[in-house]
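Architecture at a glance
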Amino acid sequence: MDKLIIQGGVPLSGEIRVSGAKNAALPLMCAALLTREQLTLSNVPHLRDVSTMLRLLAQIGVEVSLDDRLGLSLKAERLLDPVAPYEMVKTMRASILVLGPLLARRGEARVSLPGGCAIGLRPVDLHIKGLEALGAEISVEQGYIAARAKRLKGTRIFMDMVTVTGTENLMMAACLAEGTTVLENAAREPEVVDLARCLSAMGARIQGAGSDVITIEGVAELRGASHRIMSDRIETGTFLAAAAASGGEITLNGAEAGILDAVLEKLREAGADIRAGNGTLSLVMRRRPSGVSVRTAPYPAFPTDMQAQLMALDVIAEGTSVINETVFENRFMHALEMRRLGADIEISGSTAVVRGVGRLQGATVMATDLRASASLVIAGLVAEGETTIERIYHLDRGYECIEEKLAQLGARIRRVH
Ligand code: EPU
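Notes on the structure in this doc start here. Values in this document were obtained by computation on a predicted structure and should not be read as measured data.

**Things to note about the overall build of the protein chain**
A tally of helices and strands in the protein chain yields 14 helices and 24 strands. Principal axes of the C-alpha set define a box for the protein chain whose edges measure 60 × 45 × 40 Å. Within the span of the protein chain, comprising 417 residues, buried residues form 58% of the whole. With the model as given, the accessible surface of the protein chain reaches about 16400 Å², and the carbon-plus-sulfur share is 47%. For the protein chain, the centre of its 46 positive side-chain charges and the centre of its 49 negative side-chain charges are spaced 1 Å apart.

Okay, structure coming up:
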């Protein structure tokens, strides 16, 4: 299994390009199931999760073609097999995103019920309840969610928790429902807005995406479209946090500052000087960071997907900080690994108290999920000596060419097989 080996202690410096967003790409690919015409996506990141989704869609009957310029064409003329099998759902929970579109267009779907996860329980009850409210009959049979509906019927749906993929699933399903659907307490994440933009280009009638009430007026059919995937705000934040922790100076091209306010605010509080230009973000960090406290919550608050990376900054910062994780119940696995590098972190339930230590020392650590791996990379970049990160297949799910990009910024990093 691949490992990453990092010789720490080099401040990052230079320029790189941010990739297309994983968490926008996955639902956008599923939107292709809603029409028999071709959907063309550009700025597609080359990631393991994207490949997994492509395999799943191909199995369902979608014709897939890739060009050499990060373009992807998907044509779901016929849906042969409306099933997301266990083997795929267990490696990628976002497979659940085929449920709404398949049900809406084909009238039936079978999706393996996602099991436990490294970061929390992550049930999908709100996806199921929402689709039932739209008129679907749903049962769980042999570990599969079996859903059937003649034609979905629009209705008002209140989601009692903010769920990103839940909102996306229901928004996609509602596009082909009869009548109007109102999603209340909807997720406001920029990835939901990107999906709504693409669906609108396909002929959907959606209002309010980006607010907590989304109204969808169902149409009989959607058509093909072309859409450019938004840039990855979490990849952007990860590189900024890495530069800040290492005392570096970097510029990110293709980055969107407006969707990263909560993260930029915290990095500034830590002492970074950040400037936004036209599609670029630059960060300069000239001193040891100050510890910053955060509380994760749905957008526009501080994203749970940046919590681990910010913790990596806090562990070497000056002072004590408190990190409160409110989105997932078990998202501190990285803290235990960071302790192996010398970090001083105390966990109590959903709160971590981090006492900044001046330096970390390289060791072998294990990645447990995607963002945990990213935080260990940051810790490795600032640790003295050599850090080996095992199980980096987690990292490949969501960071395109991470070691090439870091090497371009001067990091001493290599992958061994
Ligand atoms: N929840 C329920 N019931 C549901 C759905 C969600 O109780 O039916 C709970 C979850 O257990 C969790 C909270 O609601 O405690 C929020 O979960 P959400 O549904 O928003 O998460 P998700 O849609 O499964 C997406 C991202 C995650 C990101 C979260 C939160 C994608 C493909 N995944 O997951 O990304 O952490 O939103 O922002 O968009 C990552 O990229 O590393 C990642 C995990």
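**Observations regarding the side chain of serine 231**
Looking at the element boundaries, serine 231 is found in the loop between strand S14 (225-228) and helix H8 (233-246). Within the structure, serine 231 has its side chain in polar contact with the backbone oxygen of glycine 254 (distance 3.1 Å). Beyond its immediate sequence surroundings of up to four residues, serine 231 is in contact with Val18, Ser19, Gly20, Ala21, Gly254, Ala255 and Glu256.

**Considering the site of the ligand**
Taken together, the neighbourhood of the ligand is formed by 21 residues, with Asp125, Thr163, Thr165, Asp305 and Val327 sitting nearest. Within the side chain of lysine 22, an N or O atom sits 3.1 Å from an oxygen atom of the ligand. Valine 327 is positioned with one of its backbone polar atoms (N or O) 2.5 Å from an oxygen atom of the ligand. Burial of the ligand by the surrounding chains reaches 90%, relative to a free accessible area of 830 Å². At the level of secondary structure, the elements contributing two or more residues to the shell around the ligand comprise helix H1 (22-31), helix H5 (125-133), helix H6 (164-175) and helix H12 (370-382). In terms of residue count, the dominant contributor to the shell around the ligand is H5 (three residues). Across the shell around the ligand, the residue classes tally to 10 nonpolar, five polar and six charged.

**So, the pairing of strand S11 (residues 180-184)**
Because side chains alternate across S11, one face comprises the buried residues Thr181 and Leu183, and the other comprises Thr180, Val182 and Glu184, none of which is buried. The sheet contact formed by strand S10 (residues 156-158) and S11 spans three bridges and is parallel. In the strand pairing of S11, isoleucine 157 is matched with leucine 183. Remark: the S10/H6/S11 crossover connection has right-handed handedness. Relative to strand S13 (residues 213-217), S11 runs antiparallel, the two sharing five bridges. For valine 182, the partnering residue across the bridge sits in S13 and is threonine 215.

**What to know about the sheet that holds strand S17 (residues 280-284)**
Backbone hydrogen bonds hold the strands of a sheet together, and the pairing may be parallel or antiparallel. An order of S2-S15-S17-S16 is seen for the four strands of this open sheet, with the pairing classed as mixed. A single partner strand is all that each edge strand has here, and the edge strands are strand S2 (13-17) and strand S16 (273-276). When the angles between neighbouring strand axes are averaged without regard to direction, this sheet yields 10°. Examined bridge by bridge, S2 and strand S15 (residues 249-253) share five bridges and lie parallel to one another. Counted as the bridge partner of glutamate 15 is threonine 251 from S15. Packed onto the sheet, H8 meets S2, S15 and S17 and runs at close to 170° relative to S15.

**Some remarks on H12**
Note: α-helices contain 3.6 residues per turn, so residues at a spacing of three or four share the same orientation. A rise of 1.5 Å per residue sets the reference length of H12, with its 13 residues, at 18 Å; its end C-alpha atoms lie 19 Å apart and thus fit the reference within 8%. Judged by how many residues are buried, H12 sits mostly within the fold: 13 of 13 residues are covered. A side-chain oxygen of the first residue of H12 lies 3.1 Å from the backbone nitrogen of arginine 371; this N-cap is aspartate 369.

**A short note on the sheet that holds strand S1 (residues 3-7)**
An order of S22-S23-S1-S24 is seen for the four strands of this open sheet, with the pairing classed as mixed. Edge positions in the sheet fall to strand S22 (364-366) and strand S24 (412-416), since each of these pairs with one other strand and no more. Looking at each pair of strands side by side, their axes are set apart by 20° on average, direction ignored. Pairing geometry for S22 and strand S23 (residues 386-390), over three bridges, is parallel. Among the inter-strand pairings, methionine 366 is bridged to a residue of S23, identified as glutamate 390.

**A short note on the environment of cysteine 401**
By the secondary structure assignment, cysteine 401 is in the loop between helix H13 (393-396) and helix H14 (402-408). Between the alpha carbons of cysteine 401 and histidine 46 there is a distance of 8.2 Å; along the sequence they are 355 residues apart.

**Considering the pairing of strand S7 (residues 108-112)**
Direction of pairing for strand S6 (residues 83-84) relative to S7: parallel, over a ladder of two bridges. Paired with alanine 84 across the bridge in S7 is valine 111. With five bridges connecting them, S7 and strand S9 (residues 144-148) associate as antiparallel partners. Residue pairing in the sheet places arginine 110 in a bridge with alanine 146 of S9.

**Some words on the nonpolar core**
In terms of nonpolar packing, the biggest core is built from 80 residues, with Val98, Met171 and Leu199 touching the most fellow members. When residues of this core are assigned to their parent elements, the largest contribution, seven residues, is made by H1. Not counting residues within four places of it along the chain, the set of residues in contact with methionine 171 comprises Leu183, Val192, Leu195, Ala196, Leu199, Ile206, Ile214 and Ile216. Counting 68 residues, the second largest nonpolar core, distinct from the first, contains Leu267, Phe302, Leu310 and Ile392.

**Section: the side chain of glutamate 191**
With respect to the helices, strands and loops of the structure, glutamate 191 is situated in helix H7 (residues 190-201). Within the structure, glutamate 191 has its side chain in polar contact with the side chain of arginine 233 (distance 2.8 Å). Once residues within four sequence positions are removed from consideration, glutamate 191 is found in contact with Asn23, Ala24, Glu168, Met230 and Arg233.

The rules behind each value
- Residues numbered from 1 in each chain as written.
- Predicted model: local features only at pLDDT ≥ 70, side-chain atom pairs only at ≥ 80, totals over all residues.
- Heavy atoms only, no water.
- Helix = DSSP H or I, 4+ residues; strand = E, 2+ residues; numbered from the N terminus.
- Buried < 20%, exposed > 50% of the residue type's maximum accessible area, 1.4 Å probe, protein only.
- Areas by Shrake-Rupley, 256 points an atom, 1.4 Å probe, with all protein chains shown as cover.
- Lys, Arg positive; Asp, Glu negative; His and termini not counted.
- Charge placed at Lys NZ, Arg CZ, Asp CG, Glu CD.
- Polar contact = N/O pair within 3.5 Å; in protein donor to acceptor, adjacent residues only side chain to side chain.
- Contact = heavy atoms within 4.5 Å.
- Near = heavy atom within 4 Å.
- Nonpolar A, V, L, I, M, F, W, Y, C, P; charged D, E, K, R; others polar.
- Pairing = 2+ DSSP bridges.
- Right-handed = clockwise from strand over helix to strand, strands pointing away.
- Axes fitted to C-alpha atoms, helices over the stretch in contact; angles between N-to-C directions.
- Expected span 1.5 Å × (residues − 1).
- Core = buried A, V, L, I, M, F, W, Y, C linked by side-chain atoms within 4.5 Å.

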